[in-house]
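Structural description and commentary
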Amino acid sequence: NAGVTQTPKFQVLKTGQSMTLQCAQDMNHEYMSWYRQDPGMGLRLIHYSVGAGITDQGEVPNGYNVSRSTTEDFPLRLLSAAPSQTSVYFCASSPGTGGAYEQYFGPGTRLTVT
Amino acid sequence: GQQVMQIPQYQHVQEGEDFTTYCNSSTTLSNIQWYKQRPGGHPVFLIQLVKSGEVKKQKRLTFQFGEAKKNSSLHITATQTTDVGTYFCAGPGIGGNKLVFGAGTILRVKS
């Protein structure tokens, strides 16, 4: 099993550009989530999904969209990139409801917005 | 909203010294999880505590869950250079569908 995969590993965007961060898992996990990590602020939840077709907002959803058309994939879209979105983005999956089960993290995407 | 506070933010120890990080929640938690993130890496699950007063050990790591299920600690005995990284605690958010992370404790070990 590859676990949780993310692409790209690195990305540089200009302000106003849009892009999609890809996330896929091959563990048949129902729960998937996106976090951003900034120095001194831990991991903050952006969006999460409890199953295909179901998504919900986390702590910092503004400027991001998600969709979950399949169990395996959970892409994160940046609509109009801003310098404040410079961060490391982690996708995670879990075999059950996000708060009760361990989360498996992908390797991350380092995004810089200039 | 629910918050998970973690202290200290940063600790630099001499190899062989002990290390402890503390986690406090504003609400009672059904469980608490601990993760380790190596520099440049991604968070990796270490353990989950569920019961009030629970203590679990993994080699040199000791994890405790408070009696009131609102605080937890991770203690490393005789640190090694392989212990460097950031240690996060995390607990369920309101509604149980989310995992709320503490800000993490960065551990550096001087050899």
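For the structure itself, look to the data block above.
Residues numbered from 1 in each chain as written. Chains lettered and ligands numbered in written order. Predicted model: local features only at pLDDT ≥ 70, side-chain atom pairs only at ≥ 80, totals over all residues. Heavy atoms only, no water.

1. Examining the overall build of chain A
What chain A contains, in helices and strands, is 0 helices and 11 strands. Listed N to C, the secondary structure of chain A is β-β-β-β-β-β-β-β-β-β-β in terms of helices and strands. The globule rule puts the C-alpha radius of gyration for 114 residues at 13 Å, and the 13 Å found for chain A is close to it. Scored against the burial criterion, the 114 residues of chain A give a buried share of 50%. Taking the contacts inside chain A whose residues are at least 6 apart along the sequence as the reference set, 53% of them involve residues at least 24 apart. With an accessible surface of roughly 5,000 Å², chain A has 50% of that area assigned to carbon and sulfur atoms. Placing the 7 positive and 8 negative side-chain charges of chain A at their respective mean positions leaves the two points 13 Å apart. (Helix = DSSP H or I, 4+ residues; strand = E, 2+ residues; numbered from the N terminus. Rg over C-alpha atoms; globule rule 2.2 N^0.38 Å. Buried < 20%, exposed > 50% of the residue type's maximum accessible area, 1.4 Å probe, protein only. Contact = heavy atoms within 4.5 Å. Areas by Shrake-Rupley, 256 points an atom, 1.4 Å probe, with all protein chains shown as cover. Lys, Arg positive; Asp, Glu negative; His and termini not counted. Charge placed at Lys NZ, Arg CZ, Asp CG, Glu CD.)

2. Section: the interface of chain B and chain A
Facing the 20 residues of chain B at the interface are 23 residues of chain A. Of the roughly 1,600 Å² buried where chain B meets chain A, counting both sides, 54% is carbon and sulfur surface. Considering only the side of chain B, the residues that lose the most area to chain A are Asn97(B), Lys98(B) and Phe101(B), jointly responsible for 31% of the buried surface there. Where chain B meets chain A, there are 0 salt bridges. For the pair chain B and chain A, the interface holds 6 residue pairs in polar contact (both at pLDDT 80 or more). Sorting the residues of the side of chain B that touches chain A by element identifies strand E4 (32-37), strand E5 (43-49), strand E9 (85-92) and strand E10 (99-101) of chain B as the ones contributing at least two each. The residue inventory of the side of chain B that touches chain A, partitioned by class, reads 8 nonpolar, 11 polar and 1 charged. (Buried area = accessible area lost by both parts, 1.4 Å probe. Salt bridge = Lys/Arg side-chain N within 4 Å of Asp/Glu carboxyl O. Polar contact = N/O pair within 3.5 Å; in protein donor to acceptor, adjacent residues only side chain to side chain. Nonpolar A, V, L, I, M, F, W, Y, C, P; charged D, E, K, R; others polar.)

3. Let's talk about the state of the cysteines
Every disulfide links exactly two cysteines, by a covalent bond between their sulfur atoms. Residue and element names in this part refer to chain A. On inspection of all chains with the given rule, the structure shows 2 disulfides over all chains. The disulfide partner of Cys23 is Cys91, and the gap between their sulfur atoms is 1.8 Å. Handedness here is read from the sign of the S-S torsion; for Cys23 and Cys91, about -70°, the answer is left-handed. Here the residue Cys23 occupies a position in strand E3 (residues 19-25), and Cys91 occupies one in strand E9 (residues 87-94), the gap between them amounting to 68 residues. Comparing Cys23 with Cys91 shows no difference in burial state: the two are buried. (Disulfide = S-S within 2.5 Å.)

4. Some points on unusual backbone geometry
A cis geometry characterises the amide bond from Thr7(A) onward to Pro8(A), with omega recorded as -5°. Relative to the assigned elements, Pro8(A) resides in the loop between strand E1 (4-7) and strand E2 (10-13). Here the amide bond leading from Ile7(B) into Pro8(B) is cis, since omega sits at -5°, within 30 degrees of zero. Counting through the fold element by element, Pro8(B) comes out in the loop between strand E1 (4-7) and strand E2 (10-14). Although it is not a glycine, Lys69(B) sits at a positive phi angle of roughly 55°. Its location among the elements puts Lys69(B) in the loop between strand E7 (61-65) and strand E8 (71-76). On the basis of relative accessibility, which here comes to 19%, the residue Lys69(B) falls in the buried class.

5. Details of the side chain of Thr21(B)
Residues and elements named next belong to chain B. With respect to the helices, strands and loops of the structure, Thr21 is situated in strand E3 (residues 19-25). Here Gln6 takes part through its side chain, which lies 3.3 Å from a polar atom of the side chain of Thr21. One polar contact links the side chain of Thr21 to the main-chain carbonyl oxygen of Ile7, over a distance of 3.4 Å. In this view, Thr21 contacts Gln6, Ile7, Pro8, Trp34, Ser72, Ser73, Leu74, Tyr87 and Thr105; residues no more than four positions away in its chain are not counted.

6. Side note on the environment of Phe65(B)
Residues and elements named next belong to chain B. Position of Phe65 relative to the elements: it lies in strand E7. Here the alpha-carbon distance between Phe65 and Ala78, two residues 13 residues apart in the chain, equals 21 Å. Apart from residues no more than four positions distant in its own chain, Phe65 is found in contact with Leu29, Asn31, Ile32, Leu49, Val50, Lys51, Ser52, Gly53, Glu54, Lys70, Asn71 and Ser72.

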